[in-house]
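Geometric and topological summary
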Amino acid sequence: VHQFEEMIESHLEETYTAVAKLIPDEALIDIFLYKNDYHNIKVLIKEEISKISGKKLLVRGGTIPVEELADLAVKRFVEDVELVRNLRTGKAGRE
């Protein structure tokens, strides 16, 4: 099953690339890719909250590469934790 999913994912990426070459306005294609970004963001948030790996659920073919999105999510989570910690200790806004 895993190889089958990888094959489909690979063909989907090739299809998006081929369509991108035909349509000059990238924004028109991005509309169809946002759903993948949104899905991956949800997976990453749930992964962080539940502490259960969601790597198998991430999909390629969004406007932001999965690896980059994961890095952004981790950085954002760390920043949010620091903000909450500072709010609790009364240090927020004092730098």
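Just so it is clear, the model here is predicted, and its values are computed rather than measured.

The next point concerns the overall build of the protein. When you go through the protein residue by residue, the secondary structure sums to 3 helices and 0 strands. When the helices and strands of the protein are listed from N to C terminus, the series reads α-α-α. Computed over its C-alpha atoms, the radius of gyration of the protein comes to 18 Å, more than 25% above the 12 Å expected for a compact globule of 95 residues. Across its three principal directions, the C-alpha atoms of the protein cover 55 × 35 × 15 Å. Taking all 95 residues of the protein together, 15% fall into the buried category. The contacts in the protein between residues at least 6 apart in sequence include a share of 49% that link residues at least 24 apart. Averaging the coordinates of the 14 positive side-chain charges in the protein and doing the same for the 18 negative ones gives two points 10 Å apart.

The next point concerns the nonpolar core. With 5 residues, the main nonpolar core is built from Val43, Leu44, Leu58, Val66 and Leu69. When contributions to this core are tallied by element, the ones reaching two or more residues are α2 (26-50) and α3 (66-89). Not counting the four nearest positions on each side in its chain, Val43 is found in contact with Gly54, Leu57 and Leu58.

Quick notes on the rules
- Residues numbered from 1 in each chain as written.
- Predicted model: local features only at pLDDT ≥ 70, side-chain atom pairs only at ≥ 80, totals over all residues.
- Heavy atoms only, no water.
- Helix = DSSP H or I, 4+ residues; strand = E, 2+ residues; numbered from the N terminus.
- Rg over C-alpha atoms; globule rule 2.2 N^0.38 Å.
- Buried < 20%, exposed > 50% of the residue type's maximum accessible area, 1.4 Å probe, protein only.
- Contact = heavy atoms within 4.5 Å.
- Lys, Arg positive; Asp, Glu negative; His and termini not counted.
- Charge placed at Lys NZ, Arg CZ, Asp CG, Glu CD.
- Core = buried A, V, L, I, M, F, W, Y, C linked by side-chain atoms within 4.5 Å.

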